[in-house]
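# Examination of the molecular architecture
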Amino acid sequence: MKYFKLFFLFLAAFLSTQAQNFNKHFVDSTLRLDYILSGDVHSQHIALDGMSRMPGWHGKHQRLTEIPVHGAATIEMRLAATGELIYLHTFSTLFQEWLDLDDAHLAPKAFECVELVPMPRDSVVVEMNLFNHRHEVIATISHKVYPTDCTIVHKGETNVPQYVTLNKAAHPERGINIAFVAEGYTQEQMDDFLNDCYKGVEGLFSFEPFKTMRDSFNVIAVLTPSRDSGPSIPSEGVWHNTAIGSSFDTFGTPRYLTTQRIKQMHDAIAGTPYEHIIVMVNTDRYGGGGIYNTLNLLMTKHPLFIEVLVHEFGHSFVALADEYAYPGEEPNDFPLNVEPWAQNITTLVDFGSKWKNLMHSDNITISTADEKNYDTQTIGLYEGAGCVLKGVYRPTPNCMMKTLKVPEFCPVCSRSIQQLIDFYTK
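Residues numbered from 1 in each chain as written. Predicted model: local features only at pLDDT ≥ 70, side-chain atom pairs only at ≥ 80, totals over all residues. Heavy atoms only, no water.

### Considerations on the packing of helix α3 (residues 190-204) against helix α5 (residues 305-318)
Between α3 and α5, whose axes approach to 9 Å, the crossing angle comes to 60 degrees. Comparing the axis directions of α3 and α5 gives the class oblique. Pair α3 / α5 crosses with right-handed handedness. On the side of α3, the interface is formed by Asp196, Lys199, Gly200, Gly203 and Leu204, while α5 contributes Phe305, Ile306, Leu309, Val310 and Phe313. (Axes fitted to C-alpha atoms, helices over the stretch in contact; angles between N-to-C directions. Helix = DSSP H or I, 4+ residues; strand = E, 2+ residues; numbered from the N terminus. Parallel < 35°, antiparallel > 145°, perpendicular 65-115°, else oblique. Left-handed = near helix turned anticlockwise from the far one by under 90°. Contact = heavy atoms within 4.5 Å.)

### Some details on empty space enclosed by the protein
Counted under the stated rule, the structure contains 2 cavities of 30 Å³ or more. By volume, the largest cavity is sized at about 280 Å³. Considering the residues around the largest cavity, the lining is formed by 23 residues, among which Leu116, His266, Tyr274, Glu275 and His276 are closest to the centre. It is strand β5 (residues 109-120) that provides the largest number of residues to the lining of the largest cavity, a total of 3 residues. Of the volumes computed, that of the second largest cavity is approximately 140 Å³. Every residue lining the second largest cavity is counted, 18 residues in all, and those nearest its centre are Thr93, Leu94, Glu112, Ile262 and Thr294. (1 Å grid on protein atoms, 1.4 Å probe; cavity = no way out; pocket = protein on both sides within 12 Å on 5 of 7 lines; lining within 4 Å. Points joined across faces, edges and corners; volume = space filled by probe spheres on them.)

### Here's the deal with the sheet that holds strand β11 (residues 217-222)
The 6 strands are arranged β9-β11-β10-β12-β14-β13 in an open sheet whose pairing can be described as mixed. At either end of the open sheet lies a strand with only one pairing partner, and these are β9 (163-167) and β13 (288-291). Sheet twist, expressed as the average angle between the axes of neighbouring strands with direction ignored, equals 20 degrees. Sheet topology note: the β13/strand β14 (residues 295-299) ladder contains 4 bridges and is antiparallel. Within β14, the position partnered with Ile291 by the bridge is Leu295. Along the sheet, α3 contacts β9, β10 (176-183), β11 and β12 (276-281); its crossing angle with β10, the most-contacted strand, is approximately 140 degrees. (Pairing = 2+ DSSP bridges.)

### Brief notes about the sheet that holds strand β1 (residues 26-39)
Strand pairing in a sheet takes place through backbone hydrogen bonds and is either antiparallel or parallel in direction. Pairing is mixed in the open sheet, where 4 strands are placed in the order β5-β1-β2-β8. Where the open sheet ends on each side, the last strands, each with one partner, are β5 and β8 (153-154). Summarising the sheet, strand β2 (residues 44-55) and β8 pair through 2 bridges and their orientation is parallel. Paired with Arg53 across the strands is His154, a residue of β8. Each of β1, β2 and β5 touches helix α4 (residues 262-269); the most contacted strand, β5, lies at about 35 degrees to it.

### What about the packing of aromatic side chains?
This model, assessed by the stated rule, comprises 17 aromatic pairs. Taken together, a centroid distance of 5.3 Å and an interplanar angle of 85 degrees make the contact between Phe351 and Trp355 edge-to-face. Trp355 shares its class with Phe351; the two are buried. Chaining the aromatic ring pairs together yields one cluster made of Phe205, Phe210, Phe217, Phe313, Phe317 and Phe409. Sitting over the ring of Tyr87, Lys60 keeps its end group 5.4 Å from the ring centre. In this arrangement the basic side chain of Arg285 is found over the ring face of Phe248, its NZ or CZ atom lying 5.0 Å from the centre. (Phe/Tyr/Trp six-rings, centres within 6.5 Å; stacked < 30°, edge-to-face > 60°. Buried < 20%, exposed > 50% of the residue type's maximum accessible area, 1.4 Å probe, protein only. Lys NZ or Arg CZ within 6 Å of the ring centre and 35° of its normal.)

### With respect to the pattern of salt bridges
Per the stated rule, a full pass over the model turns up 17 salt bridges. Between Asp192 and Lys301 there is a salt bridge; the shortest N-O distance is 2.8 Å. On the criterion of sequence distance, the pair formed by Asp192 in helix α3 and Lys301 in the loop between β14 and α5 is long-range, its members being 109 residues apart. Judged by relative accessible area, which is 30%, Asp192 ranks as partly exposed. A relative accessible area of 31% places Lys301 in the partly exposed class. The residue Glu236 makes a salt bridge to Arg285 at a minimum N-O spacing of 2.8 Å. In this pair, Glu236 sits in the loop between β11 and α4 while Arg285 sits in the loop between β12 and β13, placing the two residues 49 residues apart along the sequence. Under the relative-accessibility criterion, Glu236 is labelled exposed at 51%. (Salt bridge = Lys/Arg side-chain N within 4 Å of Asp/Glu carboxyl O.)

### What about the pairing of β5?
Most of β5 is tucked away, with 9 of its 12 residues classed as buried. Bridge count for β1 against β5 is 12 bridges, and the pairing is antiparallel. Opposite Arg32, over in β5, you have Leu116 as the bridge partner.

### What about the side chain of Thr258?
With respect to the element layout, Thr258 can be found in the loop between β11 and α4. Among the residues examined, Thr258 registers a relative accessible area of 6% and is labelled buried. Within the structure, the side chain of Thr258 is placed 2.7 Å from the side chain of Thr250, a separation counted as a polar contact. (Polar contact = N/O pair within 3.5 Å; in protein donor to acceptor, adjacent residues only side chain to side chain.)

### Focus on unusual backbone geometry
In the segment running from Glu208 into Pro209, the intervening peptide bond is cis, with an omega of 0 degrees. Mapped onto the elements, Pro209 comes out in the loop between α3 and β11. Positive phi is not limited to glycine here, since Asn293 has a value of about 55 degrees. Positive phi is not limited to glycine here, since Leu348 has a value of about 75 degrees.

### Some details on the confidence of the model for the protein chain
Averaged over all residues, the pLDDT of the protein chain equals 92, while 90% of them reach at least 70. Residue range residues 1-20 is modelled with pLDDT below 50. Its contacts to residues more than four positions away, or to other chains, number 4 contacts. (pLDDT = per-residue confidence, 0-100.)

Have a look at this one:
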């Protein structure tokens, strides 16, 4: 009994220390930073577009200067007086995806970017960096934030959209906060939206390790009605007025469903308790898209609704890469002499940082597998991943990040998900 008492005293002291560390530098509010990312393949730029303050902070309260996985961009906050690092966050952007396309050689374009950070008590310097696939900085911005700045707009204090709680964490104050957002549902279709959300949340938590770790998540459904039903489909001449302006045909890919109206999306849900965003798009057309720590969009009226939700959440929540590869679809995302940061693919440059310790042998051999053998989960090296046929490898023959026909994540992806959940909650 004495040991249990000592354990609980230690745990209480640990949690108190974590809270003190957060409260030392931050208040329970969110600082929303709006940026414009612009340029072309030759030069890239970041500009501050505005700042807002919203009630409550719904991101991490501990390990504030650590990141669980890398992304294509970072944002950090330092005390202006001393230079001490007090917050670090990583994410990816649609702008950086666009830079890989031929279109980025033709003319400069601009993309919106919104980052949420805890509201500092004192003046800070915020720095954002964008990286290329070689992990080199391609654009940076550094600016001061004064908490008393009267130009920081207050949002989410009035006219907060209605939301419904779908799942509550065992310890809500430490839970990971997800918002399901209505897109392309009219006011008259809100009951239908909620029904889709209940299906979606049960579907997500039917997959391991989310199923076992369900008590780590707070999930809400935000009722954001659209004027028109369904998203825009430019290739068919369909343009709809919706809550967040979603659209198929992103970058000329029919199934790529995204929105470039990032500010509009955050405005629509301001004041609700969210960090991660899952946009529920009212359409039976197949498609979706997930961008790490930015957003996840998917169709809700297609038979593969749940599978796409889970796959795209692997992108948006865990920064997992696609594990498939198609001829003719080979973006230059992974230089073969650089190790990609996604935990589920490798170029073998730094394989020791990936799943080498999960293999049964130290001998590194390239394996092949029957694509129809969906039950095969033998960990090894299987060529073809990240949309690249040669030189990029995945850990198993099949996985939810490779094919929707497999109703589970492979052991490597499962480990990555588990580690990320632990990072935020333990």
